[in-house]
Amino acid sequence: MFFKKKTLLAGILILQLFFTNTASADWFNIGNWPSVDEVASQIEQRYHVNTGSVQNLGETMNVSSQKETAPEVMLFFSPSNPVPGKEITAQANPVYFSNSTEQLYYTWYIKHKDCDKDSSVSNGDSNKYCDVDDDGDVDEKDWKIEAMRTIANSGFDTNRADYSQNTDNDGYKARWGGDENTNIPEHCYIQDFSSGTLYEFASGSESTSYGCGAGQVARCVKNTNITCTEDAPNPFDPPIENTYGVCQNTGQAPLCFNTSVVCEGSSLDPTLTPMCVPSGYATPTCTDSNLDSSLCAQVGTPITSCSLNTSNVSNGCNHLFPNAPGDTTGDGTFGLSEEKFWQTNPQDPDTADTGHGDEANVAGLGQDTFTWNYEVGDKVGVVVEGTSIITTKHDDRSYAIMWALPKNDCPIQNASSYRQTIRGYDVTFYTTTTNINDCLEKNLVDPREGGQTGKLGISLDYTPNTPFNDASGDDFGTTLNVFSSLQNPESSKDTIRYEWTVAISRDGTFNPRGYSADEARDTTGGQGWRDITSFLRDNKLIDFTQGNGVDNINIKLNLTNERLADLSTNIATLFPGETGYLKVTARAIEYVSLDEAAREDTASVVIPVTSTDRYISAKGVSVSDGKLSLGDAICEERVDEQTNPLGIGRNLCLVAKNEIIGLTVNNTSNLTDFQWTSNGQPLNCTNDMSSNCSNTSATSTNFLPIIDDSGKTYEVSLTAINAETGKKITVSRTFLIVDPTVKIRSNNRELAWPKYLGYYKGTDGYAYADYSDDEFQGYPGVAPTFSVEFIPSWIQNRAKWEWFFNGNSIAKDILEVGFPLDGSPGDVVSLSVNGFSLEDDAIRTALKTFWDYSVFESTEHTLSHKIDVQTVQGEAEETAMSSPKAFFAAIAKNVSGQILFVVQLFLWVGTLIVLLGGIFALSGWNRR
C-alpha cells in the first residue's frame, strides 16, 4: 500500500508540473511542451523528489512479481528428543495462506528407516511392511497412506468393526485451496524459490496462426549482405571479392500480440521482418548457386496479422491426497472399500473424533498435528494445500492456490509458457507440469533436528529397561511393569477408566498404529501386530487390564513354546535373532460428569524383549600379579523354594559386601559391540584391571565391585549386537547383597521335615504353605541326615565350621552329619553349626586399587544356625496312603477335632446303614 501511494504521488506531481508549465493558450503547441529533463529538474527543485529514488522505485517494481511471498510451513516436534518406541507429535505451523488453519488440507507422510522410495518388495522381503498399499514397491503413496491412516483411524480396533455394512454418511467433497473456497477459479501455482518466478500448473501451450500457406513457416528474417571470395577470370590475377544481398533466417518465430505481429529478440529489432518462408529455409552461403534470388522479397511473403488460440492449455490442478486402491479421496463418497482400507468404523462417521467426517480426515482437513510411535530413522513431512495471498494475472477474482512444504525444495520441471489476451493486452503465463509428489522425499524432516511445542495427554513408560523372557518353562522371566501418566487430568486417577491391550510382533520397528487388520491376525509370525491380551490372561501372565484406577499393568514374561502353541506359533518365530517386540496400548477415559461425554486419550509404547538362552554368568575372582582373573561359577544353579528363601528366580545372585564378582556371558557366539551397565551407569573394565579386558572397547568380561550395604541390589545389564542377525540383544542379572550366613537343611524330608506353620497369601492372591526354618519334626527310630548351606554359596571356600549335637561337638568342616531319633514322641534334640568366613586380602587391595574403595571393617564374618528336631508319633516306612493305619494316623495328626468328628459321624452312619440292610434282608423284608 505504501508503494502504491508513492507511485500515485509521483504521477500527481508530474501532471501538476505539466499543466503549470503549459497554462498559456498555446499549450496545444507541441513545441512548447517541456522536455523530460526539464520536468525532472523542476520536480527535484519544487518537491524535493530525487529522480534517483524514483528510478529505484521503478527498478523495484520491474521485479516485484519475483518477490511475492509464497506459503510456507514449519514443523515442531514434541518431545524434541524422541525416545524409540514412545509417541511423538509433529505440529505444522503454516504461514502466508489466506485461509484459517482449520480450513487447510494437511497431507502428512512418514518414511521409516528401511522404507526407501522405489525399492521393490516381495513376500519374503524384510521391508514388506513398507508396502502399505500392496502394489509391489515402496513410494511416497505408501508414506502418505500410513500417516493419514493413523490420523483417520486414531487407534480404532478394527476387530470391533462390522465391514459388511456401511451405515454412516462420512463422504466429503474437497474444494480447491481450502474448505471454505466455493466457486473460486481453479488456478494452481508453485514458486521457483531460487528465481522467485511463479509457475502455473498447466499443460499444453497456445497455438498461433500467421496465415502461412502449405509448406511454409513463420520466421523472423532480415535483409543482409555477405561477401564471397571468387577466383579471377585470369588465373594469374588475385581473387575477387563480391558482395551479395541475401535473406537471413534467424530461426526465431515471430510473436503475436493482440493480432499484431512482431519480431522480438532480447529487445525489439526493427530490422527483423516477420515472413512466411519455405519450411527448412536456411540463410544462403557463398557456396549456394542461387545467391541472385535470395532476397527476402523473393523468398517469402510478409506477415501483417495473426491470431492467438489458448484453448488447448489445460488446468493442471491436482490434490495430493492419498487414495485407496480404486477410490479417490475427496470425491464426496466413502464406501465400504475405503472404510476397510483406512481402518475406520463404517458405523461411525467420525472415527477419530476430530469434528470432521472420515473422508475429510483422510484428506487432512484441519489436521495440523500427527502422532506416531517413534523409531530411529523415522522422518516425516507434510504438504499443506490452501489459498495464498498472491493474486493471479487472470481476469477474475482468483488468488493463487498453492502448496507449502517444510523445506520448500521442489525444483521446477518442464517449464513452458502461454499467452492470453487480457483487457486488450497479451499477458504471458509461465507454466510447469512439476509433480509435487516427486518432491516429498526432499522435504522429509528428521524429528531429531529440533522441536519446541508440548502437548497434554497420556504417556506410557515401563520398567525394567531390559525385559527378559524365560522360555525354559521355569517361569523366572521378568515381570514387566508398564505404567501411565496423565498431564493435567480433571479427576483423580481412581475415577479414570483404563483399558489396556498387549500385542506382539517379530519386528516392531515400524509404526504400530497404521497396519492392516489382516496382517495383525497373521498366525505365521508375520510382521503385523497380534493382540495377545486374552492369551496372557488365560495363562495367568497378566493381571487386570480394565477398570477405574488401573493405571499400570504387570506382564510376566514367561512365554514358552508350550504356551504359544495355543497361538499356533513358537519362540523362534516371535523372537528372531533373540529379540521380539511388545506393543502395550492404554486407553484412558475420563468421565466429566454423568450426563457429559467422556474425555479420552490413547497412547502406546513399543518394548523390545529379549528371549534367549544366553545369560550373565557370575564367577568368583582371584588376584594374580595385581590383575583380576575369573574363577568358578558362583550362581549358576536354579534354586527352588527351599534353597531360595526370598522366593526370587534364578536371575538373582546373592553376594556379600567387600567382594568382587566376575561377569561374563555363557555364550558369546556371534556377539559384538558389548556394553555393560550397573544400575544404569556404565561398568568399565580395562586391560590394567584384567587381561580379559581391553583399553579400546568393552569385551564379554567385566567385574562388579560389591561396596554397598546388605539389602541393596545391583541390576547388571549387557547389551550386544548379534552379528548374524544385526539385532541388539540385552541380558541382565540382579545381584542382592546379603550378610553371609548358614542354614541347616534336611536331606531326608520323609524322615525329618520342617514344621508346618500354616499358610500365607502371596501378592498374586494365591495361598502358600509356610514352614519353619528352625523347627523340624521326625519319626522315632529313624536316622535322618542334615547338611549345611552357605549363603552366598561360594563363601564355603573361605569358611571354617563345627557341628554340635545337643551342645556337644561332633564334626568339623564337613557338609553333612546324621544322628538317630531314638527318643519317645515329644522328645526334642538340637543340632547347630558355628563358624566363620574370612575375606581375601588380595580382593580388599583390588577394591582400593581399581575403585578407590578402602575396606575398614573386620575381615571375618560369623556364621551360625541352630535347629530343634522333635520326635512325633508315626512310622517312617508308612506314607499317608500306604495302609489304612497310616491313613487314619495322618488324619488324626493333621486335621482339627471338628473335622475328625464329622468323618467319624459319616463312618458310623454308613456302618449303621449296612447293618440295617443285612437285618432286613435276613427277615424277608423284600418278600411280597
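As a convention, each chain's residues are numbered from 1 in the sequence order in which they are written. Per-residue local features of the predicted model are confined to residues with pLDDT of at least 70, and side-chain atom pairs are confined, for both listing and counting, to 80 or more; whole-chain, interface and lining totals are unaffected and use all residues. Hydrogens and waters are ignored; side-chain quantities use all the structure's heavy atoms.

So, the overall build of the protein chain
And step 1. Helix and strand counts for the protein chain stand at 14 helices and 46 strands.
And step 2. Three exposure classes are used, based on accessible area relative to the maximum for each residue type with a 1.4 Å probe and protein chains only: buried under 20%, partly exposed in between, and exposed over 50%. With 928 residues in all, the protein chain has 42% of them scored as buried.
And step 3. Each accessible area is a Shrake-Rupley result for a 1.4 Å probe, and residues are judged covered by the shown protein chains and nothing else. Summed over all atoms, the accessible surface of the protein chain reaches about 48,000 Å², with 50% contributed by carbon and sulfur. Labels follow the DSSP assignment, with helices taken as runs of H or I lasting at least four residues and strands as runs of E lasting at least two, numbered in each case from the N terminus.

Remarks on the pairing of strand 23 (residues 496-505)
And step 1. With respect to burial, strand 23 is a largely interior element, seven of its ten residues being buried.
And step 2. Strands are labelled as partners when DSSP assigns at least two bridges between them. When strand 23 meets strand 24 (residues 530-531), the two strands line up antiparallel, connected through two bridges. Within the sheet, the bridge partner assigned to isoleucine 504 lies in strand 24 and is arginine 530.

Notes on a nonpolar patch on the surface
And step 1. Only residues whose relative accessible area exceeds 30% and that take part in no salt bridge are eligible for patches, with like-charged residues grouped when within 9 Å of each other and nonpolar side chains (Val, Leu, Ile, Met, Phe, Trp, Tyr) grouped when within 5 Å. Between Lys or Arg on one side and Asp or Glu on the other, a salt bridge is scored when a side-chain nitrogen of the former is within 4 Å of a carboxyl oxygen of the latter. Residues Tyr756, Tyr759 and Tyr771 make up a contiguous nonpolar surface patch of roughly 380 Å² in combined accessible area.
And step 2. Note that tyrosine 756 resides in strand 39 (residues 752-761).
And step 3. Here tyrosine 756 falls in the partly exposed class, since its relative accessible area comes to 47%.

Details of the sheet that holds strand 22 (residues 479-486)
And step 1. The antiparallel open sheet is built from three strands, whose spatial order is 20-22-26. The open sheet has two edge strands, strand 20 (458-463) and strand 26 (552-556), and neither has a second partner. For this sheet the average axis-to-axis angle between neighbouring strands, irrespective of direction, equals 20°. Fitted lines through C-alpha atoms give the axes, limited to the stretch in contact for helices. The angle between two N-to-C directions lies from 0 to 180 degrees.

Some thoughts on the nonpolar core
And step 1. Membership of the largest hydrophobic core comes to 52 residues, with the highest contact counts inside it found for Ile661, Leu663, Leu704, Phe735, Phe786, Trp803 and Leu831.
And step 2. Judged by nonpolar contacts, the second largest core, of 33 residues, contains Ile532, Ile553, Ala588 and Ala603. The set of buried Ala, Val, Leu, Ile, Met, Phe, Trp, Tyr and Cys residues whose side-chain atoms join them within 4.5 Å is what this entry labels a nonpolar core.

Regarding helix 4 (residues 140-153)
And step 1. Taking 1.5 Å of rise per residue, the 14 residues of helix 4 would be expected to cover 20 Å, and the 20 Å separating its terminal C-alpha atoms lies within 8% of that figure.
And step 2. Within helix 4, 13 of the 14 residues are buried, which leaves it mostly tucked inside the rest of the structure.
And step 3. Pairing of N or O atoms within 3.5 Å defines a polar contact, subject to two protein rules: one partner must be a possible hydrogen donor and the other a possible acceptor, and residues neighboring in sequence count only if both atoms are side-chain atoms. A side-chain oxygen of the first residue of helix 4 lies 3.0 Å from the backbone nitrogen of lysine 141; this N-cap is aspartate 139.
And step 4. Once helix 4 finishes, serine 154 follows within two positions and takes phi at roughly 50°, a positive value. Helix span is expected to be 1.5 Å times the residue number reduced by one.

Details of the pattern of salt bridges
Note that side chains of opposite charge can pair when their charged atoms are close.
And step 1. Inspection of every chain in the model, using the stated rule, returns 18 salt bridges.
And step 2. With a closest N to O distance of 3.1 Å, glutamate 140 and lysine 117 form a salt bridge. Taken together, the residues span a long stretch of sequence, with glutamate 140 in helix 4 and lysine 117 in the loop between strand 3 (105-111) and helix 4 at a distance of 23 residues.
And step 3. The buried category is assigned to glutamate 140, whose relative accessible area is 11%.

As for the packing of aromatic side chains
And step 1. Pairing of aromatic rings covers Phe, Tyr and the six-membered ring of Trp, with a centre-to-centre limit of 6.5 Å; geometry is then stacked below 30 degrees between planes, edge-to-face above 60, and tilted otherwise. Summed over the entire model, instances satisfying the criterion amount to 15 aromatic pairs.
And step 2. Ring centres of phenylalanine 201 and tryptophan 403 lie 5.9 Å apart, and the angle between their planes is 85°; this geometry places the pair in the edge-to-face category. Here phenylalanine 201, found in strand 5 (residues 198-203), pairs with tryptophan 403, found in strand 17 (residues 399-404); they are 202 residues apart in sequence, far enough to count as distant. Grouping residues by exposure puts phenylalanine 201 and tryptophan 403 together as buried.

What to know about the state of the cysteines
And step 1. The disulfide criterion is simple: two cysteine sulfur atoms within 2.5 Å. Within the structure shown, the criterion is met by nine disulfides.
And step 2. Paired through a disulfide, cysteine 220 and cysteine 263 show a sulfur-sulfur distance of 2.0 Å. In this structure the cystine formed by cysteine 220 and cysteine 263 twists about its S-S bond by roughly -100°; its chirality is therefore left-handed. Of the two residues, cysteine 220 is situated in strand 7 (residues 216-230) and cysteine 263 in the loop between strand 10 (260-262) and strand 11 (273-278); the sequence distance between them amounts to 43 residues. Of the two residues, cysteine 220 and cysteine 263, both sit in the buried class.

A look at helix 12 (residues 841-851)
And step 1. All buried positions along helix 12 are accounted for by Ile843, Arg844, Ala846 and Leu847. When helix 12 is viewed along its axis, its buried side chains cluster within an angular range of 160° and face the same direction. Within helix 12, the exposed residues directed more than 90 degrees away from the buried face are Asp841 and Thr849.
And step 2. The contact criterion used is simple: two residues touch if any of their non-hydrogen atoms lie within 4.5 Å. Elements that come into contact with the buried residues of helix 12 comprise strand 29 (616-624), strand 30 (627-633), strand 32 (659-665) and strand 35 (702-706).
And step 3. Between the side-chain oxygen at the start of helix 12 and the backbone nitrogen of alanine 842 there is a gap of 2.9 Å, and the oxygen is on aspartate 840.
And step 4. Two residues or fewer after helix 12 comes aspartate 852, characterised by a positive phi angle close to 55°. Here the arc refers to the directions that run from the helix axis out to each C-beta atom.

Side note on the side chain of threonine 431
And step 1. Along the chain, the position of threonine 431 falls in strand 19 (residues 425-432).
And step 2. Setting aside anything within four residues of it in sequence, one finds threonine 431 in contact with Tyr199, Glu200, Ala202, Asn414, Ala415, Ser416, Ser417 and Tyr418.

Re the side chain of aspartate 131
And step 1. Relative to the elements of secondary structure, aspartate 131 occurs in the loop between strand 3 and helix 4.
And step 2. Overall, the relative accessible area of 6% leaves aspartate 131 in the buried class.
And step 3. A distance of 3.2 Å separates a polar atom in the side chain of aspartate 131 from the backbone nitrogen of aspartate 135.

Section: the sheet that holds strand 8 (residues 240-249)
And step 1. Pairing in this open sheet of four strands is antiparallel, and the strands run 8-7-11-12 from one edge to the other. Both outer strands of the open sheet, strand 8 and strand 12 (301-302), are each paired with one neighbouring strand and no more.

Some words on the confidence of the model for the protein chain
And step 1. The pLDDT value expresses, per residue, how confident the predictor is, ranging between 0 and 100. Confidence in the prediction for the protein chain averages 82 pLDDT; 79% of positions are at 70 or higher.
And step 2. Looking over the protein chain, one finds the lowest element-wise mean pLDDT in helix 13 (residues 884-894), namely 43, and the highest in strand 3, namely 97.
And step 3. Counted against residues more than four places away or in other chains, residues 17-30, with its pLDDT under 50, gives eleven contacts.
And step 4. Below a pLDDT of 50 lies the segment residues 451-456, which in the model reaches 18 contacts outside its immediate sequence neighbourhood of four places, other chains included.

What about unusual backbone geometry?
What is expected of a backbone is that most residues other than glycine have negative phi and most peptide bonds are trans.
And step 1. Note that the residue after serine 78, namely proline 79, is joined by a cis bond; omega there is 0°.
And step 2. As for its placement among the helices and strands, proline 79 is situated in the loop between strand 1 (72-78) and strand 2 (87-95).
And step 3. In the segment running from isoleucine 791 into proline 792, the intervening peptide bond is cis, with an omega of -5°.
And step 4. Residue position: proline 792 is located in the loop between strand 41 (785-791) and strand 42 (799-805).

What to know about the environment of threonine 785
And step 1. Looking at the element boundaries, threonine 785 is found in strand 41.
And step 2. For the pair threonine 785 and arginine 749, spaced 36 residues apart in the sequence, the C-alpha separation amounts to 9.5 Å.

Some words on the environment of aspartate 426
And step 1. Mapping aspartate 426 onto the fold places it in strand 19.
And step 2. On the basis of relative accessible area, aspartate 426 is assigned to the buried category, the value being 15%.
And step 3. Each C-alpha atom of the pair aspartate 426 and phenylalanine 257 lies 5.7 Å from the other, and the pair is 169 residues apart in sequence.

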